[in-house]
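Coordinate inspection notes
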Amino acid sequence: MRGYLPPVEVRVPATLGEALTLLAAEPGLWTPLAGGTDLMVVFNAGHLKATRFLDLSRLTELRGIAEDNNLLSFGSLSTYTDLRECRAVHQHFPNLVKSAQVTGALAIQNRGTLGGNIANASPAADTPPSLLAYGAELELVSVLGSRRVAYASFHQGYKQMDLAPDELVAKVLVPKPTGRGFHYFRKVGTRQAQAISKVCLAAYARLEKGCVAELRIGLGSVAPAPVRARAVEQLLLGQPLASLPIEAARLALGSDISPIDDIRATAHYRSVVTGNLLAQMLRELTQA
Amino acid sequence: MADQIMLSLKVNGQSHSLQVHPFARLLDVLREDLRFTGTKEGCGEGECGVCSILLNGRLVNSCLVPAVQAQGGEIVTVEGLADGQRLSSLQDAFLTQNGAQCGFCTPGMLLAATDLLQRNPHPDEAAVREGLAGNLCRCTGYVKIVDAVQTAAREAR
Amino acid sequence: MIGANSVRKEGRAKVLGTAIYTDDKFMPGALHGVTVRSSVPRGILREIVFGEGIAWDEFTIVTAADIPGTNRVASVVDDQPFLVGLGEEITHPEQPILLLAHSDRAEAERARAAVRLVVDELPAILDIQASLDLEQVIYSTDNLLKEIRIEKGDPAPIWAQAAHVVVGEYRTGAQEQMYLEPNAMLALVERGAETRVSVWGSLQCPYYVHGALKQLFGLPEGRVRVVAMEMGGAFGGKEDYPSVNAGHAALLSWKSGLPVRLIYDREEDLACTTKRHPSRTRLRTAFDAEGHLLALEADFVLDGGAYATLSPVVLSRGAVHVGGVYRCPNVRIHARAVATNTPPPGAFRGFGAPQSLFAIERHMDLCARRLGLDAVELRRRNFLHMGDTMATGQVIREDLDLPGLMDRALAEIHYADRRAAHAITNTESGPIKRGLGLAVFMHGCGFTGNGESHVASVAGVEGLSDGTVSVLAASTEMGQGKNTVFAQIVAEALGLPYELVDVACVDTDHVPNSGPTVASRSTMMVGRILEDAAIGFKQSLVQQGFLQEPYTAEAFQAAVKKAVAHLGRLRCYGQYHRPPNISWDDKTYRGDAYPTYSWGAYAAEVAVDLDTYEVRVEDFVAVQEVGRVVNPTLAAGQIEGGVAQGIGWGLWEEVTMKQGRMVNNQMTNYIIPTSADLPRIRVVFLENAHHAGPGGAKGIGELPMDGPAPALANALENALGPLRLDEVPMTPDRLLSRCEEVAHG
Ligand SMILES: Cc1cc2nc3c(=O)[nH]c(=O)nc-3n(C[C@H](O)[C@H](O)[C@H](O)COP(=O)(O)OP(=O)(O)OC[C@H]3O[C@@H](n4cnc5c(N)ncnc54)[C@H](O)[C@@H]3O)c2cc1C
Ligand code: FES
Ligand code: FES
């Protein structure tokens, strides 16, 4: 809606410490603002309740992608464009590159951040399935220090997160896959670009001696939050690639997801298509 | 009344300072406060791209940029593309190839295309279609727009 | 000049960003207007409650009681109020109730949310069937906004004896024009002894708005002024709606004495402005053993929303097109537009024809399957030819070559080869299935029936003091290229270079009523009048001794200069004359429904992914015969854009309604194609000069909307096998459920 501008207060801290102090002093009163591609849509529509904002965009501590032997560490302000332009990401995490490529379009990719995508907690977000598939961890910070949580346990329900009101998402840590890996990512959106997901499936498997030695499957838009397909993973772990129980996996999926009807797709469509993507992924895995 | 901020930015090379609401959309600052009306509004939700501009060298939707985040920014709008009356090669190609019909998507399209050619001077058709996918056009079916971008790329060769 | 790719007249301003659209126009001291709407579909308005926390005395407030003239929007039937008054009936959930204006836009928005309406709700009618069943009587005595019957021969005895009888039912959903510039209007009313109302807006039909404002304010001709600003697309969506928002803006200005801006944001525009009419078409056809069409019965119903608006004329075009491009001796067409408690739909490129052509072109493929014939062959056996009569009794007088048109489309898309190849690859186990489909169709040029005679359009040519020539017409530029084409036509008629002709600003104080900018009529109808006006202009220069033939451009320019200096003002007008061989009877729906038709054969290639039910259009060929093409580049642009909209309607664009309201009224949820969703649309013109328009030009604007949806549906069936593809859009969800019908028997 055109410029309904309620009074707002905005702070632009110069350091992370300053930002955390403010959050600690008045927890829950300050809403972090990163790239604004989620917040501004709601604000412009006149639906945003918050009136006090903490602009994180100048915090260099939250920027950059760092690499060490074992992992890549993404500052929460990393944009989709940063992901697409980083060689190490292409090398280790092709699914994350694909997530970034299919998010909105270029102008959104230039502003939208990984931290924002995670903390916005939309069930339809497109990086979470990839992060789940790669077993990512989050580094959360507050004035009291930092803590690490497994991303798989971060989302606890619709828009419910393991994130205290005085905490920020500082980093996303993604371990580098070792050994022989298999990566699969597919988003089914409302169109080819500038589209919200109706179903999104990302998977990573480590293969050893012709068997599935490690498998994580992340799903978007089929539950109140991004989820792992734990039952399916359980069923497939240790199975020989040559004879993966594809139909059994499809059945097991039923207990992993709880899709709903909304304006973009029916629950029925979502569950059929998720099953089809799973089967497609497993057929590719068979051939890996 | 809301707290205002003093916003300083450069638009098409010219510096401006003005008092604005911190969450005023950069789009409104440009259109209403500074009267750069070449940049349009089609949705206000980041979907259509008719508000696209370059902010610090990157393509952004100005409807989603709060003024506070444009502080100190360097902005290019459609008004900054021509050299006086001399059209840029993209503008010229949009004109001669009929890349602009109603013209409402054209300013954003030109900025997106400028950004694309800076990153990829000779895009194939698929690259043009991906590069412009955040800029909706309802008139052209995109054919003449793709042609215009590729014509401009050829002429720059 | 005609046939040249002249560069768009206003193109330079558009690429420079200096073209002035409505919201770009600066008006010092202007107030911001907002509209308070009902949110219930039907009820009686009892009370308007102005909530707490708003300084209401700072606002300009307009209710129905304030209206100085007639509270009815001038249209085909004057049934729609500008505002609903206390005690009156609300008939749809976006109905305007009152208007507010304030100098601060944010305040105006806040105030809008603070108004509460007390309404005694009534049961509502929300779809076609409920309206036909008269579950509630909400309009007149029968819920019918318009009813038409077209009869030719007598189908009754045929059904029992025909070798094949095929029935089908087809549905199409509403479609949003989604012009990139939402509706926008500025108004300034000067009150005094002589009240004068001026509006500047994004509008297709200045004289519709002019008429509406005269009636609203009860003012005579000369006191209303309408100016068409640069327009960011329209496609029919700014044909009748601007009469409403211009009235609203003007009322606020009249009450406040200040200029008023009434700019809709996207959500409001999507929720409350007009869309393509939803439709339901039932067809019954009879064939002999060789596949010749013997009889056709059509029951064509449009959902017309709460008021008649343009539904009667949309219905009539839809009804005339429902027989398609086929010869049929016995026809019964029954067409109805029914009322529902939803925002009134209106004009959208194609104007009823895409709905009925979807039905017949889908039905022809179904018939071919039932008859065991190839769909191409069945069409070939039944095409109209010169000398045949259409359903209204209109005789085809032009040298029509539909087989040639169809064969060209088939050749361009390598129909036979690719079909054979797909037949093999589709049996493989992968999820991708490919198919090819075809649609052959026509589009009547200009108004239906006596429309042109009623409007009696006038357009003219004026000499300017610098010796150049200016085109005077109220036809508006919405991107289709009218400025350019008019200049080309006049330049051609005068033998001048294109640069010496320009087009006057569309301002009702300055240009005559050349009729609305609709129905693909500008080039053909107004162009023809301009041609006459230009010749008259030249002759008067010659007769008055300013010019001698033959002449050079310089001599012409000098003559115009001299004449203007001498006479002060130099204008020449032309007016529409009904061609002698054309007749139409509006009571019986017999005669020449259109002066001529444009013809198309479109072919699509699709790939369906059976894992996701997503459809990709991999190739699209649009072959058409539109008479002489005035500007090939602009014309191709029209076709490409129209095809893109047709593909959108066929595959993705769905208006989701709940309780009579559009609930996906955001660009993120109403899916139009991006550049990544479309193939390169391939356009072929086959020229065949017809005599109606300038140099033989016919209408092209709407034609490309008609073919894509049925061509895509036919292609999908070719890819997937027999399937109930009787409804657009064919979204993945819908495709999945139709495939499951087959799987479950
Ligand atoms: C047109 C359009 C298309 C889009 N397409 C897609 C798409 O295809 N896929 C997709 O997944 N998303 C899409 N989005 C949504 C959005 O772009 C992404 O979710 C983006 O990553 C959000 O990041 P941001 O920095 O812009 O977040 P912001 O809007 O700044 O913030 C989002 C939320 O996260 C919180 N937040 C931000 N950073 C932190 C932090 N470091 N710590 C704690 N909380 C924080 C904010 O308080 C806010 O609640 C689209 C949006 C638009 C407008
Ligand atoms: S107006 Fe900004 S993207 Fe549409
Ligand atoms: S030219 Fe009209 S929207 Fe692109």
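Computed from a predicted model, the values in this text were never measured in an experiment.

Opposite the 48 residues of chain B that make contact, chain C presents 55 residues. On the chain B side of the contact with chain C, B:Leu95, B:Gln101 and B:Arg138 bury the most area, a combined 19% of that side's loss. Of the charged contacts in the structure, one is a salt bridge between B:Arg138 and C:Glu653, with a shortest N-O distance of 2.7 Å. The tally of links between chain B and chain C comes to 30 residue pairs in polar contact (both at pLDDT 80 or more). When contributions to the side of chain B that touches chain C are tallied by element, the ones reaching two or more residues are helix H1 (26-33), helix H2 (89-96), helix H3 (106-119), helix H4 (125-131) and helix H5 (143-156) of chain B. Of the residues contributing to the side of chain B that touches chain C, the split by class is 21 nonpolar, 13 polar and 14 charged.

What follows deals with the environment of A:Met281. All names here are of chain A. By the secondary structure assignment, Met-281 is in helix H11 (residues 267-287). The class for Met-281 is buried, based on a relative accessible area of 0%. It is 29 Å that separates the C-alpha atoms of Met-281 and Glu-67, two residues lying 214 residues apart in sequence. Not counting the four nearest positions on each side in its chain, Met-281 is found in contact with Phe-182, Tyr-184, Leu-201, Ala-203 and Ile-217.

Let us now look at the domain arrangement of chain A. All names here are of chain A. If you check the domain split of chain A, you get domain 1 (9-55), domain 2 (60-175) and domain 3 (180-286). For domain 1 versus domain 2, the distance between C-alpha centres works out to 19 Å. Each partner contributes residues to the interface: domain 1 has 13 residues there, and domain 2 has 16 residues. At the boundary of domain 1 with domain 2, total buried surface from both sides reaches about 1200 Å², with 71% on carbon and sulfur atoms. Among the residues domain 1 hides against domain 2, the three largest losses belong to Leu-16, Leu-20 and Thr-37. Together they make up 39% of the total. Our enumeration of links across domain 1 and domain 2 arrives at zero salt bridges.

Looking now at the site of ligand 1. Residue and element names in this part refer to chain A. Neighbouring ligand 1 are 34 residues, the closest being Pro-32, Thr-37, Asp-38, Tyr-80 and Thr-113. Contact between ligand 1 and Gly-104: an oxygen atom at 2.9 Å from a main-chain N or O atom of the residue. The side chain of Lys-187 places a nitrogen or oxygen atom 2.9 Å from an oxygen atom of ligand 1. Sorting the residues of the shell around ligand 1 by element identifies strand S2 (31-33), helix H2 (39-44), helix H7 (114-119) and strand S10 (168-175) as the ones contributing at least two each.

All names here are of chain C. Enumeration over the complete set of coordinates arrives at 91 salt bridges over all chains. When the shortest N-O distance is used, the salt bridge between Arg-434 and Glu-618 registers 2.6 Å. Of this pair, Arg-434 sits in strand S16 (residues 432-444) while Glu-618 sits in strand S24 (residues 614-625); the two residues are 184 residues apart in sequence, bridging distant segments of the chain. The class for Glu-618 is partly exposed, based on a relative accessible area of 35%. In this structure, Arg-738 and Glu-727 form a salt bridge, with 3.4 Å as the shortest nitrogen-oxygen distance. In this pair, Arg-738 sits in helix H20 (residues 732-743) while Glu-727 sits in strand S28 (residues 727-728), placing the two residues eleven residues apart along the sequence. With respect to class, Arg-738 is no different from Glu-727; both count as buried.

Residues and elements named next belong to chain C. Within the secondary structure layout, Asp-726 lies in the loop between helix H19 (708-720) and S28. Judged by its relative accessible area of 13%, Asp-726 falls in the buried class. Reaching out from Asp-726, the side chain makes a polar contact with the side chain of Arg-724 at a distance of 3.1 Å. The contacts of Asp-726, once residues within four sequence positions are left out, are Glu-169, Tyr-170, Arg-171, Phe-358 and Arg-738.

Residue and element names in this part refer to chain C. Among the six residues in strand S17 (residues 458-463), five count as buried, and that is most of the element. Summarising the sheet, S17 and strand S20 (residues 570-575) pair through six bridges and their orientation is antiparallel. Within S20, the position partnered with Val-461 by the bridge is Cys-572. Across four bridges, the pairing between S17 and strand S18 (residues 469-472) is antiparallel. Paired with Glu-462 across the strands is Ser-470, a residue of S18. The hairpin formed by S17 and S18 contains five residues between the paired strands, and Gly-467 there has a positive phi angle of roughly 90°.

Another point: the interface of chain B and chain A. Each side of the interface is counted separately: chain B has 31 residues, and chain A has 33 residues. A combined buried area of about 2700 Å² lies between chain B and chain A, and 56% of that area is made up of carbon and sulfur atoms. It is B:Phe23, B:Leu64 and B:Gln69 that lose the most area in chain B upon contact with chain A, and together they represent 27% of the buried surface on that side. For the pair chain B and chain A, the number of links is three salt bridges. A:Arg191 is the salt-bridge partner of B:Glu47, the closest N and O atoms lying 3.0 Å from each other.

Looking now at the packing of aromatic side chains. Taken as a whole and assessed by the stated rule, the structure comprises 19 aromatic pairs over all chains. Ring centres of C:Tyr326 and C:Phe383 lie 6.0 Å apart, and the angle between their planes is 5°; on these two criteria the pair is classed as stacked. Here C:Tyr326 is found in the loop between helix H8 (311-321) and strand S15 (330-338), whereas its partner C:Phe383 is found in the loop between helix H10 (375-382) and helix H11 (402-412), with 57 residues between them in sequence. When sorted by exposure, C:Tyr326 lands in the same class as C:Phe383, which is buried. Summarising the aromatic geometry, the rings of C:Tyr597 and C:Trp599 are spaced 5.7 Å apart at their centres and angled 40° between planes, so their arrangement reads as tilted. An identical accessibility class is assigned to C:Tyr597 and C:Trp599; each is buried. Aromatic rings pair up to connect A:Phe43, A:Phe53 and B:Phe23 into one cluster. Cation over ring: C:Arg276 sits above C:Phe348, and NZ or CZ is 4.3 Å from the ring centre. A cation sits over an aromatic face here: C:Arg276 above C:Trp649, 5.1 Å from the ring centre.

So, on to the sheet that holds strand S14 (residues 293-303) of chain C. Residues and elements named next belong to chain C. Strand order in the open sheet formed by six strands is S7-S15-S14-S13-S8-S28, with mixed pairing between adjacent strands. In the strand order of this sheet, the two ends are held by strand S7 (144-152) and S28, each with one partner. Judged from the nine bridges that link them, strand S13 (residues 279-287) and S14 form a sheet pairing that is antiparallel. Its bridge partner being in S14, Thr-285 is matched across the sheet by Leu-296. Along the sheet face, helix H9 (residues 353-371) touches strand S8 (164-172), S13, S14 and S28 and points at about 145° away from the line of S8.

Quick look at a nonpolar patch on the surface now. Among the surface-exposed residues, C:Val76, C:Val77 and C:Val313 lie close enough to one another that they form a single nonpolar patch of about 200 Å² accessible area. Here C:Val76 lies in the loop between strand S3 (60-62) and strand S4 (89-90).

Residue and element names in this part refer to chain C. The end-to-end C-alpha distance of helix H14 (residues 482-494) is 18 Å, a good match for the 18 Å that 13 residues give at a rise of 1.5 Å each. Where burial is concerned, most of H14 is hidden: twelve out of the 13 residues are buried. Those residues of H14 hidden inside the fold are in contact with S17, S18, strand S19 (501-503), helix H15 (522-543), helix H16 (553-567) and helix H17 (632-651). Gly-495 lies just past H14 and shows a positive phi near 65°.

How each quantity is defined
- Residues numbered from 1 in each chain as written.
- Chains lettered and ligands numbered in written order.
- Predicted model: local features only at pLDDT ≥ 70, side-chain atom pairs only at ≥ 80, totals over all residues.
- Heavy atoms only, no water.
- Contact = heavy atoms within 4.5 Å.
- Buried area = accessible area lost by both parts, 1.4 Å probe.
- Salt bridge = Lys/Arg side-chain N within 4 Å of Asp/Glu carboxyl O.
- Polar contact = N/O pair within 3.5 Å; in protein donor to acceptor, adjacent residues only side chain to side chain.
- Helix = DSSP H or I, 4+ residues; strand = E, 2+ residues; numbered from the N terminus.
- Nonpolar A, V, L, I, M, F, W, Y, C, P; charged D, E, K, R; others polar.
- Buried < 20%, exposed > 50% of the residue type's maximum accessible area, 1.4 Å probe, protein only.
- Domains from an automatic or database assignment.
- Near = heavy atom within 4 Å.
- Pairing = 2+ DSSP bridges.
- Phe/Tyr/Trp six-rings, centres within 6.5 Å; stacked < 30°, edge-to-face > 60°.
- Lys NZ or Arg CZ within 6 Å of the ring centre and 35° of its normal.
- Axes fitted to C-alpha atoms, helices over the stretch in contact; angles between N-to-C directions.
- Patch = residues over 30% accessible without salt bridge, like charges linked within 9 Å, V, L, I, M, F, W, Y side chains within 5 Å.
- Areas by Shrake-Rupley, 256 points an atom, 1.4 Å probe, with all protein chains shown as cover.
- Expected span 1.5 Å × (residues − 1).

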